[in-house]
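# Results of the structural survey
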Amino acid sequence: MSDKGTNLDPWYDSYADRTAGLSASEVRALFAVASRPEVVSLAGGMPYVSALPRELVTGAIDRVMADGGAMAMQYGSGQGTPAIREHIMQIMAMEGIRGSADDVVVTTGSQQALDLVTRLFVNPGDVVLAESPSYVGALGVFKAYQADVVHVPMDEHGLVPEALREAIAAVTARGGRIKFLYTIPNFHNPAGVTLTWARRVEILEICRSAGILVLEDNPYGLLYFDQPAPQAMRSIDDEGVIYLGSFSKTLAPGFRVGWALAPHAIREKLILANESATLSPNSFGQFVITEYLDQADWRGQIETFRGLYRERRDAMISALGEYLPSLTWNVPDGGFFVWVGLPAELDSKAMLPRAVKELVAYTPGTAFFADGDGRQNVRLSFCYPTPESIRTGVARLANVVNGELDLLRTFSTASLSNRAARPQSVVVPPPNTI
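Structure report, in brief. Since this is a predicted model, take the numbers as computed values, not measurements.

Procedures and definitions
Residues numbered from 1 in each chain as written. Predicted model: local features only at pLDDT ≥ 70, side-chain atom pairs only at ≥ 80, totals over all residues. Heavy atoms only, no water. Phe/Tyr/Trp six-rings, centres within 6.5 Å; stacked < 30°, edge-to-face > 60°. Helix = DSSP H or I, 4+ residues; strand = E, 2+ residues; numbered from the N terminus. Buried < 20%, exposed > 50% of the residue type's maximum accessible area, 1.4 Å probe, protein only. Salt bridge = Lys/Arg side-chain N within 4 Å of Asp/Glu carboxyl O. Axes fitted to C-alpha atoms, helices over the stretch in contact; angles between N-to-C directions. Parallel < 35°, antiparallel > 145°, perpendicular 65-115°, else oblique. Left-handed = near helix turned anticlockwise from the far one by under 90°. Contact = heavy atoms within 4.5 Å. Nonpolar A, V, L, I, M, F, W, Y, C, P; charged D, E, K, R; others polar.

### Quick notes on the packing of aromatic side chains
If you walk through the whole model with that rule in mind, you get 11 aromatic pairs. A centroid spacing of 5.6 Å and a plane angle of 75 degrees characterise the contact between F142 and Y182, whose relative ring orientation is edge-to-face. Taken together, the positions of F142 in helix 5 (residues 136-144) and Y182 in strand 6 (residues 178-183) put the pair 40 residues apart, joining distant regions of the chain. The exposure class assigned to F142 is buried, which follows from its relative accessible area of 0%. Consider the rings of F336 and F337, whose centres lie 6.0 Å apart with planes at 70 degrees: the pair is edge-to-face. Among the aromatic side chains, those forming a connected cluster through ring pairs are Y220, F305, Y309, F336 and F337.

Printed below as a string of structure tokens:
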């Protein structure tokens with residue numbers, strides 16, 4: 001009989017140390033519950049792909065199979081096809097980015113690009129700077145590679161430059177090594193805010209002076225509601241910024257096609273890392289997307305998505321104002337998410353089981369912090385549910401929040417009354433022993 005403990009996994013002691021950083025995200029844990037038809041899910045950031053006309057995709061697939069199906073189903077380049085990389089350059093030009101398609105590396109979604117960049121740069125114990133809060137999928141990657149994530153505060157205008165200076169100074173003073181700053185400047189996930197142009201310039205100057213690479217993640221940039229976000233940080237600095245993009249939000253996530261635009265020397269290492277991980281990104285998906293971009297009015301389709309998400313954003317803000325007026329929230333100018341602040345006495349993670357019982361799901365704020373913070377926040381996603389479902393979901397959430405507050409206040413009042421009525425000499429046992 002082994003004396004190595006009672007773990008049910010016989011290979012427990014054989015795993016590499018870095019697997020200690022692998023854990024199921026709180027977003028992933030919600031999907032099983034949120035997929036039940038009776039639950040209104042305000043949790044996952046799933047694009048509403050039903051708004052994409054089916055014939056646009058099936059037509060592209062049919063043409064790919066008729067004209068070059070054998071090539072589309074074959075292994076491809078570790079960098080991605082030249083045709084799709086040229087299209088990617090045209091897309092990024094809409095946000096002020098100029099450069100060469102030769103510096104684009106196609107990946108299996110931008111999530112894989114995040115993984116590849118972290119693999120290339122981060123040794124265990126290295127520091128990654130990230131906004132507070134930050135994207136849960138990025139935090140999972142950083143944790144898996146044993147990075148030390150240092151959060152930098154945000155406000156309604158995005159990452160705070162002075163806070164960045166202070167974080168860099170603090171890490172440097174303790175001898176830490178900062179590998180890069182990870183930022184989502186447009187319609188942030190989860191905070192929904194957009195970094196101003198002045199701050200983009202200032203933050204890049206701070207990082208340039210400190211010798212810190214910037215990893216700019218921009219999946220939502222084209223999904224603005226009223227006016228475009230400021231031009232990309234990469235448009236200012238093509239040597240100190242790696243830009244990540246994706247077709248998941250503007251076309252469909254099922255293709256799993258994203259990209260990284262990197263400085264030339266980093267590009268070479270990304271290709272090698274990509275080949276090591278997957279041999280080549282999804283060839284068939286690249287051919288289909290290229291055909292779609294060649295033939296369809298993809299700009300018009302993005303405009304359709306903008307209108308649809310704007311309507312749903314408005315429905316959520318209206319419902320919050322009607323059902324939960326005492327809470328705080330942002331009004332995003334694009335993207336998928338509203339970041340809600342709860343009363344100080346509530347805990348978003350502890351409240352989640354009651355929410356599921358009330359048939360509404362959200363993502364607790366703790367998912368977006370590496371340090372356990374975020375208990376007074378929830379992320380609400382408006383991209384997937386209909387406006388009617390959003391109103392229903394927010395109404396149910398209001399029942400949860402108000403029910404929790406009533407419960408806490410009832411017990412608090414009872415505790416104070418009992419305390420006043422008892423003689424001071426009586427020793428009252430703690431609640432968990434009654």
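### Describing the pattern of salt bridges
This structure, assessed with the given rule, holds 17 salt bridges. Put simply, R174 and D148 hold a salt bridge, and the shortest N to O gap is 3.0 Å. In this pair, R174 is assigned in the loop between helix 6 (161-173) and strand 6 and D148 in strand 4 (residues 148-155), connecting sequence segments 26 residues apart. Close ionic contact of R208 with D237 constitutes a salt bridge, the shortest N to O distance being 3.5 Å. On the criterion of sequence distance, the pair formed by R208 in helix 7 (residues 197-210) and D237 in the loop between strand 7 (213-217) and strand 8 (241-246) is long-range, its members being 29 residues apart. Overall, the relative accessible area of 12% leaves D237 in the buried class. Through salt bridges with shared partners, one network takes in D102, R267 and E268.

### A word on the packing of helix 6 against helix 7
Packing of helix 6 against helix 7 leaves a shortest axis separation of 10 Å and a crossing angle of 15 degrees. Here helix 6 lies roughly parallel to helix 7, going by the angle between them. Both helix 6 and helix 7 take part in a crossing whose hand is right-handed. Every residue of helix 7 that contacts helix 6 at P161, L164, R165 and I168 is listed here: R199, E202, I203, I206, C207 and A210. Considering only residue class, the contact of helix 6 with helix 7 consists of 7 nonpolar, no polar and 3 charged.

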